Amino acid sequence: MKHKTASLILITALFVPIFAFSENKQKVEINGAVVEVRDGAVANIEVKNQTVPFLGVYAVPINPIVAKQLNLPAGLYLSVEQAIPDSPAAKADLERFDVLMKFDDQILVNSQQLQALVRSRKKGDLVKLSILRGGEEKTVEVELDEQEVPKVAFGRALPVPAP
């Protein structure tokens, strides 16, 4: 029994200091982000980037009052808030308050749909945007570019216009 106790004390004396000073460290990838956890707490989050097709327009659903004044159906179309400078949208002369009606043959109903349609294409693709400006409907051809965005699927990230 004394030998067992002595052995336990010796093992404890040798190995406990090793475990006491080691870190319990783990890296986990969650929805495109690498999360580093140390001793049960988040120590670092590294977000990877991805390259995606880019139109460069910030658009919101058209105001129902404006839609009524323009005799447009309720719940359809987007209003351009901003064409991001030097973007394909800006180069195609899209302007604030243009009404985006169609992306190629797709009627636009919300900005998530527009984003999905853009992301389904690739850099260099030519797309036709049907717009309403000053009471006149016209078609604008836009060549898509690409941009780097965080590769995170926690939520749908939309470009935020510069002030």
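See the structure above.
In this text, all values refer to a predicted model and were calculated from it rather than measured experimentally. (Residues numbered from 1 in each chain as written. Predicted model: local features only at pLDDT ≥ 70, side-chain atom pairs only at ≥ 80, totals over all residues. Heavy atoms only, no water.)

S.K.: Quick question: what am I supposed to make of the overall build of the chain here?
M.R.: When you go through the chain residue by residue, the secondary structure sums to four helices and eleven strands. Here the chain holds 163 residues, and 30% of them are scored as buried. A sequence separation of at least 24 residues applies to 52% of the contacts in the chain between residues at least 6 apart. Accessible surface, the chain: about 11200 Å² in total, of which carbon and sulfur atoms supply 55%. (Helix = DSSP H or I, 4+ residues; strand = E, 2+ residues; numbered from the N terminus. Buried < 20%, exposed > 50% of the residue type's maximum accessible area, 1.4 Å probe, protein only. Contact = heavy atoms within 4.5 Å. Areas by Shrake-Rupley, 256 points an atom, 1.4 Å probe, with all protein chains shown as cover.)

S.K.: Quick question: what am I supposed to make of the environment of Q26 here?
M.R.: When you line up the elements, Q26 lands in strand β1 (residues 25-30). On the basis of relative accessibility, which here comes to 47%, the residue Q26 falls in the partly exposed class. Expressed as a C-alpha distance, the spacing of Q26 and G40, which sit 14 residues apart in the sequence, is 9.0 Å. Apart from the residues within four sequence positions on either side, Q26 is in contact with V35, E36 and V37.

S.K.: What is the right way to read the pattern of salt bridges from this model?
M.R.: Pairing of side chains with opposite charge becomes possible as their charged atoms draw close. A complete count under the given rule lists six salt bridges for this structure. Among the ionic pairs, R133 bridges to E95, the shortest N-O distance being 3.7 Å. On the criterion of sequence distance, the pair formed by R133 in strand β9 (residues 126-133) and E95 in the loop between α3 (88-91) and β7 (99-103) is long-range, its members being 38 residues apart. Classification of R133 as partly exposed rests on a relative accessible area of 23%. (Salt bridge = Lys/Arg side-chain N within 4 Å of Asp/Glu carboxyl O.)

S.K.: Explanation requested: the environment of A92 in the structure shown.
M.R.: Its location among the elements puts A92 in the loop between α3 and β7. When its relative accessible area of 17% is taken as the criterion, A92 is described as buried. A92 sits 37 residues away from L129 along the chain, and the two C-alpha atoms are 9.8 Å apart. Setting aside residues up to four positions removed in sequence, A92 forms contacts with V140, E141 and V142.

S.K.: Looking at this structure, how should I read the nonpolar core?
M.R.: Residues L55, L100, F103, L114 and L129 are the most contacted members of the largest nonpolar core, which totals 21 residues. For this core, the elements supplying multiple residues, two or more each, are β5 (57-61), β6 (78-83), β7, α4 (111-119), β9 and β10 (136-143). If sequence neighbours within four positions are ignored, F103 has contacts with L108, L114, L117, V118, R121, V127, K128 and L129. In terms of nonpolar packing, the next biggest core, distinct from the first, is built from seven residues, I62, A67, Y77 and M101 among them. (Core = buried A, V, L, I, M, F, W, Y, C linked by side-chain atoms within 4.5 Å.)

As far as function goes, none of this settles anything; it's purely spatial.
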